[in-house]
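Coordinates in review
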Amino acid sequence: MEKEYKRLMKRCISLAKKGMGRVSPNPLVGAIIFDDDFRIISEGYHQYYGGNHAERNAVLSAGEDLKGKSIIVNLEPCSHYGKTPPCADLIIEKGIKRVIAGLIDPNPKVAGKGIEKLKNAGIEVITGVCEEECLQLNKIFIKNQIKKAPYITIKTATTLDGKIASSSYNSKWITDEVSRNEVQKLRNQYDAVLTGSSTVIKDNPSLTCRLKNMRNPVRIILDTRLTVPFSSKVYNDDGTRVIVLTGENTPSNKIKACPKNIEIVKCPLKDNKINLNEAVKILYDMGIKSILAEAGAQVNKSIIEEKLADELIQFIAPKILGDKSAVSFVEGFRRNKIAECNNLNIVSTKVLKNDIMIVSRFSE
Ligand code: AOF
Ligand code: ZN
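Starting afresh in each chain, residues are numbered from 1 along the sequence in its written order. Written order decides the labels, with chains lettered from A and ligands numbered from 1. For a predicted model such as this one, the threshold for reporting local features is a pLDDT of at least 70, and the threshold for listing and counting side-chain atom pairs is 80 or more; totals across whole chains, interfaces and linings nevertheless cover every residue. To get the side-chain values, all heavy atoms of the structure are used, and hydrogens and water are removed first.

1. Some remarks on the sheet that holds strand 17 (residues 344-351)
With mixed pairing, the nine strands of this open sheet are ordered in space as 11-10-9-8-14-6-15-18-17. If you trace the sheet from one side to the other, it starts and ends with strand 11 (262-267) and strand 17, each paired once. Between one strand axis and the next, the sheet turns by 20 degrees as a mean value, whatever way the strands run. Whether two strands pair comes down to DSSP finding at least two bridges between them. The numbering of helices and of strands both runs from the N terminus, where a helix is a DSSP run of H or I of at least 4 residues and a strand a run of E of at least 2. Two elements, strand 8 (residues 192-196) and strand 9 (residues 218-222), share five bridges in a ladder whose sense is parallel. Its bridge partner lying in strand 9, Thr 195 is registered against Ile 221. Axis definition: a line fitted to C-alpha atoms, over the contacting stretch in the case of helices. Angles run 0 to 180 degrees between N-to-C directions.

Take a look at the structure:
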């Protein structure tokens, strides 16, 4: 039984992933209805923000009576009236006898109340199946609900000795096309990509997602004094939202001269740079619930220093630059002891074509 539940929950997670890039700020959810022989009757997932919940889509696509059937879902069925009526009510109404849920919903509007409702109606409820995988799937939603802050991942591509560019800022190309394709997939998964003015000036990246059926993330540029030329690729008016965070003392005439497709937001400063703690709060209130930072050494350092980073994704190419003046992916800390290091936990490692991809989480 346990083995079958795990198999179905993994399938729920794959279904849920189809909603990546489209459901924010809501969670990724997949649901499967099945009978006592584990025959799948129907499937559903949350497809886009404001759309039907996964459970409702699974119920809607079932062509038969659901009395006495079971439903498996990676998140507790909801109990509240939101954009749609409660899924728990729908499950009760359809006579489903068993609910297998991966995770208790961290949303305070639900938080156990869905399960309680189901149990009170005499439905058997099993929780905690593939809990780790379910937590990982909705890491962004969970961080948003608990901390009311965006989930932030630093992405970097380095040589074996941790360099992102030579001393003359030559950085093309450290990792290969397979790694760069992975980055394109990541851009689809985050609400926004963020970088600093110096990276835009030196690399002129476009920060778009160029894969089929995927969408561009919002582009966020940290530009304290508005020095980035408006001809830069990130400012392309391709219909994607572009947000520039600038210092609170940037003169209004400079702001007025900016192209109309760019949202300029004034931010408080700290040590003459954008105060990232404040910036992140402003961005969260602007609807940015997850950020992929594709920045240089200084911005990465500030994100880490302010304890804003949740995750690091490092693509490492089997190359050695070996030059002390080359640029590392994070620079500027003054630390004398190993005990002062930031400690991370490795989540996964993957060998790509020529490179490796290491995903790690910052400790709380
Ligand atoms: C989803 N999709 O498949 C499930 C969700 O804004 P609403 O009314 O759509 O409600 C969103 C909340 O519903 C969400 O925060 C989560 O707590 C719960 N479950 N949400 O968007 C789903 N099952
Ligand atoms: Zn629901």
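2. Quick word on the site of ligand 1
Taken together, 15 residues sit near ligand 1, with Asn 26, His 53, Ala 54, Lys 83 and Asp 105 positioned nearest. We define a polar contact as two N or O atoms separated by no more than 3.5 Å, with the added condition that, inside protein, one atom must be a possible hydrogen donor and the other a possible acceptor, whereas residues neighbouring each other in sequence contribute only through side-chain atom pairs. In this structure, Ala 54 approaches ligand 1 through a main-chain N or O atom, which is 2.7 Å from an oxygen atom. The method behind every accessible area is Shrake-Rupley, applied with a 1.4 Å probe, and residues are considered shielded solely by the protein chains displayed. In the complex, the protein chains occlude 95% of the 470 Å² of accessible area that ligand 1 would expose alone. As a working rule, the residues Ala, Val, Leu, Ile, Met, Phe, Trp, Tyr, Cys and Pro are called nonpolar, Asp, Glu, Lys and Arg charged, and the rest polar, with Gly in that last group. A class-by-class count of the residues in the shell around ligand 1 yields six nonpolar, six polar and three charged. Each residue is tested against the molecule or strand, and it is near if at least one of its non-hydrogen atoms lies within 4 Å.

3. Describing the pairing of strand 2 (residues 40-45)
Where strand 1 (residues 30-34) lies against strand 2, five bridges are found, and the strand directions are antiparallel. Of the residues in strand 2, the one forming a bridge with Ile 33 is Ser 42. Hairpin remark: strand 1 followed by strand 2, antiparallel, with five residues in the connecting loop; positive phi at Phe 38, about 65 degrees.

4. Topic: the packing of aromatic side chains
Aromatic pairs are defined between Phe, Tyr and Trp rings, using the six-membered ring for Trp, whenever the two ring centres lie within 6.5 Å; interplanar angles under 30 degrees are classed as stacked, those over 60 as edge-to-face, and all others as tilted. The tally for this structure, following the rule as stated, stands at four aromatic pairs. Note on Tyr 5 and Phe 38: the rings are 6.0 Å apart at their centroids and 65 degrees apart in plane angle, and the pair reads as edge-to-face. Of this pair, Tyr 5 sits in helix 1 (residues 2-17) while Phe 38 sits in the loop between strand 1 and strand 2, placing them 33 residues apart in sequence. Throughout this description, buried means an accessible area under 20% of the type-specific maximum (1.4 Å probe, protein chains only), exposed means over 50%, and partly exposed covers the range between. Looking at Tyr 5, the relative accessible area reads 5%, which means it is buried. Overall, Phe 38 belongs to the buried group, its relative accessible area being 17%. Ring plane angle 45 degrees and centroid distance 5.7 Å describe the contact between Phe 230 and Tyr 235, whose orientation is recorded as tilted. Members of the aromatic cluster, connected to one another through ring pairs, are Tyr 5, Phe 34 and Phe 38.

5. Regarding the coordination of the zinc ion (ligand 2)
Taken together, the protein donors to the zinc ion (ligand 2) comprise His 53 (ND1), Cys 78 (SG) and Cys 87 (SG), at separations of 2.0 to 2.3 Å. Of note, the zinc ion (ligand 2) draws all its donor residues from one chain, in the sequence arrangement H-x24-C-x8-C. You can see His 53 sitting in the loop between strand 2 and helix 2 (54-61) and its partner Cys 87 sitting in helix 3 (residues 87-93), a full 34 residues away along the chain. Judged by relative accessible area, Cys 87 falls into the buried class, the value being 0%. Counted as donors are N, O and S atoms no farther than 2.8 Å from the metal, or 3.2 Å for Na, K and Ca; water is not among the atoms, and sites may therefore look incomplete.

6. Structural notes on the domain arrangement of the chain
Where each domain starts and ends follows an automatic or database-derived domain assignment. What the domain assignment lists for the chain is domain 1 (2-138) and domain 2 (149-362). Distance between the C-alpha centres of domain 1 and domain 2: 35 Å. Only heavy atoms enter the contact rule, under which two residues are in contact if any of them lie within 4.5 Å. Contacts between domain 1 and domain 2 engage six residues on the former and nine residues on the latter. Reported buried area values correspond to the accessible surface (1.4 Å probe) lost by two parts on association, with both partners' losses combined. Of the roughly 580 Å² buried between domain 1 and domain 2, counting both surfaces, carbon and sulfur atoms make up 43%. A pair is scored as a salt bridge if a Lys or Arg side-chain nitrogen falls within 4 Å of a carboxyl oxygen belonging to Asp or Glu. Taken together, the links from domain 1 to domain 2 amount to zero salt bridges. For the pair domain 1 and domain 2, the interface holds three residue pairs in polar contact (both at pLDDT 80 or more). Looking at the side of domain 1 that touches domain 2 residue by residue, the classes come out as two nonpolar, three polar and one charged.

7. Details of the nonpolar core
What we call a nonpolar core is a set of buried Ala, Val, Leu, Ile, Met, Phe, Trp, Tyr and Cys residues that are connected through their side-chain atoms within 4.5 Å. Counting residues in hydrophobic clusters, the biggest one holds 43 residues, and the most contacted among them are Met 9 and Ile 72. Other than its neighbours up to four places away in sequence, Met 9 contacts Ile 72, Val 73, Asn 74, Ile 100, Ala 101, Gly 102, Val 129, Cys 130 and Cys 134. Leu 222, Val 265, Cys 267 and Phe 329 belong to the second-largest nonpolar core, a separate cluster that totals 32 residues.

8. Observations regarding the side chain of Lys 143
Note that Lys 143 resides in helix 6 (residues 139-147). For Lys 143, the side chain forms a polar contact with the side chain of Asp 310, separated by 3.0 Å. When near neighbours in sequence (up to four residues on either side) are disregarded, Lys 143 contacts Lys 148, Ala 149, Pro 150, Tyr 151, Leu 308 and Asp 310.

9. Concerning unusual backbone geometry
Between Ser 24 and Pro 25 the backbone carries a cis peptide bond, its omega angle lying at 5 degrees. One can find Pro 25 in the loop between helix 1 and strand 1. Omega for the bond connecting Lys 172 with Trp 173 falls within 30 degrees of zero, at -20 degrees, which places this linkage in the cis form. Residue position: Trp 173 is located in the loop between strand 7 (163-165) and helix 7 (177-189). In this structure, Ala 111 is a non-glycine residue whose phi angle is positive, near 30 degrees. Here Ala 111 is to be found in the loop between strand 4 (98-101) and helix 4 (113-120). The backbone of Asp 271 shows a phi angle near 50 degrees, a positive value even though the residue is not glycine. Mapped onto the elements of the fold, Asp 271 is located in the loop between strand 12 (269-270) and strand 13 (273-274). Under the relative-accessibility criterion, Asp 271 is labelled exposed at 66%.

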